[in-house]
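# Breakdown of the fold
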Amino acid sequence: MFSVDQFVADLRATLGERSRMATRDVVARAVSDPSAVLRALGEPEKPGVKVLYRAPDLTVLTLAWAPMQVTLPHDHRMSAVIGMYGGREDNTFWRRTNDGSKFAIRPAGGEALGTGDVTLLGPDIVHSVVNPLGKISAAIHVYDGPFLTAERSMWAAETLQEQPYDINAVAKGMPLSAGPAPR
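This structure is a prediction, so every number in the text was calculated from the model and none was measured. (Residues numbered from 1 in each chain as written. Predicted model: local features only at pLDDT ≥ 70, side-chain atom pairs only at ≥ 80, totals over all residues. Heavy atoms only, no water.)

## Section: the overall build of the protein chain
For the protein chain, the count of helices and strands is four helices and 12 strands. For the protein chain, the C-alpha radius of gyration of 16 Å lies close to 16 Å, the compact-globule estimate for 183 residues. Summarising its shape, the C-alpha atoms of the protein chain cover approximately 50 × 40 × 30 Å along the three principal directions. By the burial criterion, 45% of the 183 residues in the protein chain qualify as buried. When contacts within the protein chain are restricted to residue pairs at least 6 apart in sequence, those whose partners lie at least 24 apart make up 75%. Accessible surface, the protein chain as shown: approximately 8,900 Å² in total, 52% of it carbon and sulfur. With 19 positive and 20 negative side-chain charges, the protein chain shows a spacing of 1 Å between the two charge centroids. (Helix = DSSP H or I, 4+ residues; strand = E, 2+ residues; numbered from the N terminus. Rg over C-alpha atoms; globule rule 2.2 N^0.38 Å. Buried < 20%, exposed > 50% of the residue type's maximum accessible area, 1.4 Å probe, protein only. Contact = heavy atoms within 4.5 Å. Areas by Shrake-Rupley, 256 points an atom, 1.4 Å probe, with all protein chains shown as cover. Lys, Arg positive; Asp, Glu negative; His and termini not counted. Charge placed at Lys NZ, Arg CZ, Asp CG, Glu CD.)

Here it is in structure tokens:
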């Protein structure tokens, strides 16, 4: 049975481990039983971001991606673990060019995640996300820092030039549910 309180306690216990593999393992255990996560969190009925937990050293969110939703490339500047408990999320990874070329970033790989899949993103990763399905997809996102207040970047869709992060532009159509106060 999935419990948000126990999940957060298990995640907090992993924060001393630098590689974040222990954090990944906690998320993997949770999404290995997607029906238990859905029972605890509810079936997402509309796109949005819900805060399950936030503290200076840990942020836990659920994201419900709209059908066919695409995000702008963006960074986190902290490690992230993504675990899918419904649908699919396709990640495109981007590499900074730093060579004077037209675009500041270029595609450098990707990873498709389906229900039960987990991935670990390092603090320097730039990625964009697509929900390629005609239905809502749902994921747990765990960050080892103050994700909602951290200074970050996004890259403009047409020019791929870096600019300050704007959650309304990156996660267009996904309202943020504030959740509990920071601890």
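## Quick notes on the layout of surface pockets
Of the voids in this model, the second largest pocket is the one considered here, and its volume is about 170 Å³. Along the walls of the second largest pocket sit Met1, Phe2, Ser3, Gln6, Phe7, Asp10, Val26, Arg29, Ala30, Asp33 and Ala36, which together make up its complete lining. Elements represented by at least two residues in the lining of the second largest pocket include exactly α1 (4-12) and α2 (21-31). Classifying every residue of the lining of the second largest pocket by side-chain character gives six nonpolar, two polar and three charged. (1 Å grid on protein atoms, 1.4 Å probe; cavity = no way out; pocket = protein on both sides within 12 Å on 5 of 7 lines; lining within 4 Å. Points joined across faces, edges and corners; volume = space filled by probe spheres on them. Nonpolar A, V, L, I, M, F, W, Y, C, P; charged D, E, K, R; others polar.)

## Quick look at the nonpolar core
Core analysis: the largest hydrophobic core is formed by 23 residues, its most contacted members being Phe2, Phe7, Leu11, Leu58, Val60, Ile140 and Val142. Mapped by element, the contributors of at least two residues to this core are α1, α2, α3 (34-41), β1 (48-55), β2 (58-65), β4 (80-86) and β9 (137-143). Considering every element that reaches this core, the biggest residue donor is α2, with four residues. With 16 residues, the next largest nonpolar core counts Val49, Ile82, Met84 and Leu121 among its residues. (Core = buried A, V, L, I, M, F, W, Y, C linked by side-chain atoms within 4.5 Å.)

## Description of empty space enclosed by the protein
All chains considered together, the criterion is met by one cavity of 30 Å³ or more. Approximately 150 Å³ is the volume found for the largest cavity. Taken together, 17 residues make up the lining of the largest cavity; nearest its centre are Leu63, Trp65, Tyr143, Phe147 and Tyr165. For the lining of the largest cavity, the secondary structure elements donating two or more residues are β2, β8 (126-130), β9 and α4 (167-170). When residues of the lining of the largest cavity are assigned to their parent elements, the largest contribution, three residues, is made by β2. Residue classes in the lining of the largest cavity are distributed as 12 nonpolar, five polar and no charged.

The values reported here are purely geometric and, on their own, carry no functional implication.
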